[in-house]
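Descriptive analysis of the structure
Residues per chain, in single letters:
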Amino acid sequence: MRGILFILLVLLIATPVAAADRGQTRWYDVELIIFTPSGENFLNAEAWPKEPQLPKIENARLPGQATRAQGLEAFQILTPGQQQLGGAYHRLKTSSQFEPLVHIGWRQPGLSKDKALPVRITLDSNGRVLTGGQATSAAPRGALSQQPDLPRLDGTVTVVLSRYLHLKTDLVYRIEADSVTHRRTRPDPAVIDLSTSVRSYDAQGRDETLFDQGPTVEEPRYLEFVVNDSRRMRSRELHYLDHPVLGVIALITPYEAP
């Protein structure tokens, strides 16, 4: 995505070095910005495979849905004063190339793969990020046309601590289009990236793929783009997850209670 390199270069983040581990669970501040390019040029950026596997959100917790651990509140939301990516968010917001969707951070323990808890990231149809205490639900596959208020962005982000930190993103981004003209062509399977996918539904709820053979048509469409990624991270370093549909700027900083 153009312009993102500029954003990353102008960000100078200085964070204190955390004290050595004393045998206790390590804690981290996790901060994310999720954004999408302006316009819908990404519709033709790749040959999107059909039948996306939607994120599993049943065991995820919302940011702010805190739980007590070692005298600290896990998954409490970072205040604006605790966040470090405000400058990047502002640049995205004032850019004509990108649309920022989410800027949020939380504090959590670093846990192994079998104990790590996914955090649910949900942007409702009004552009509001849902946090702890707010009711959420997941629509079953195929129900897009019956639920016009389905979240625009939904899914999970999971931080795993093993030898290295890993950030796992499993998100679905939805586009509700009153009228999208497209020519359906069958993609070359050799160029399909299995980590990204799209599925579409017509106004009557009929399940169709974007690439079925047929003539040019014009009808209401609902498109789902699934972004599934796992990235090794270094704490205190800015990381950028690139994708034609969604970009993620992530910063994980060690935290030690005063």
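Please read all numbers here as calculations on a predicted model, not as lab measurements. (Residues numbered from 1 in each chain as written. Predicted model: local features only at pLDDT ≥ 70, side-chain atom pairs only at ≥ 80, totals over all residues. Heavy atoms only, no water.)

Moving on, we get to the packing of aromatic side chains. A full pass over the atoms with the stated rule returns two aromatic pairs. When the ring of Phe35 is compared with that of Phe98, the centres are 5.3 Å apart and the planes differ by 80°; the resulting orientation is edge-to-face. In this pair, Phe35 is assigned in strand E1 (residues 27-37) and Phe98 in strand E5 (residues 98-109), connecting sequence segments 63 residues apart. Exposure class is identical for Phe35 and Phe98. Each is buried. Ring geometry for Phe35 against Tyr240: centres 6.2 Å apart, planes inclined by 10°, an arrangement best described as stacked. With Phe35 in strand E1 and Tyr240 in strand E12 (residues 238-241), the pair connects residues that are 205 residues apart, well separated along the chain. Here the two residues Phe35 and Tyr240 agree in accessibility, since each one is buried. Through a chain of ring-to-ring contacts, the aromatic side chains of Phe35, Phe98 and Tyr240 assemble into a single cluster. The ring of Tyr255 has Arg107 sitting right over it, with the charged end atom 3.6 Å from the ring centre. A cation over an aromatic ring shows up here: Arg232 above the ring of Tyr164, its NZ or CZ 4.0 Å from the ring centre. (Phe/Tyr/Trp six-rings, centres within 6.5 Å; stacked < 30°, edge-to-face > 60°. Helix = DSSP H or I, 4+ residues; strand = E, 2+ residues; numbered from the N terminus. Buried < 20%, exposed > 50% of the residue type's maximum accessible area, 1.4 Å probe, protein only. Lys NZ or Arg CZ within 6 Å of the ring centre and 35° of its normal.)

As a further point, take the sheet that holds E5. Overall, antiparallel pairing links the five strands, which are arranged E4-E5-E1-E13-E12 in an open sheet. Each edge of the open sheet is held by one strand with a lone partner, namely strand E4 (76-77) and E12. Where E1 meets strand E13 (residues 247-255), nine bridges bridge the pair, whose relative direction is antiparallel. Looking at E13, one finds that Phe35 is bridged to Gly247. Each of E1, E5 and E13 is contacted by helix H2 (residues 86-93), which is oriented at about 160° to E5, the strand it contacts most. (Pairing = 2+ DSSP bridges. Contact = heavy atoms within 4.5 Å. Axes fitted to C-alpha atoms, helices over the stretch in contact; angles between N-to-C directions.)

With that out of the way, let us pick up the side chain of His239. If you trace the backbone, His239 turns up in strand E12. Separated by 3.1 Å, the side chain of His239 and the backbone nitrogen of Arg234 make a polar contact. If we ignore the near neighbours within four places in the chain, the residues touching His239 are Arg232, Met233, Arg234, Val248, Ile249 and Ala250. (Polar contact = N/O pair within 3.5 Å; in protein donor to acceptor, adjacent residues only side chain to side chain.)

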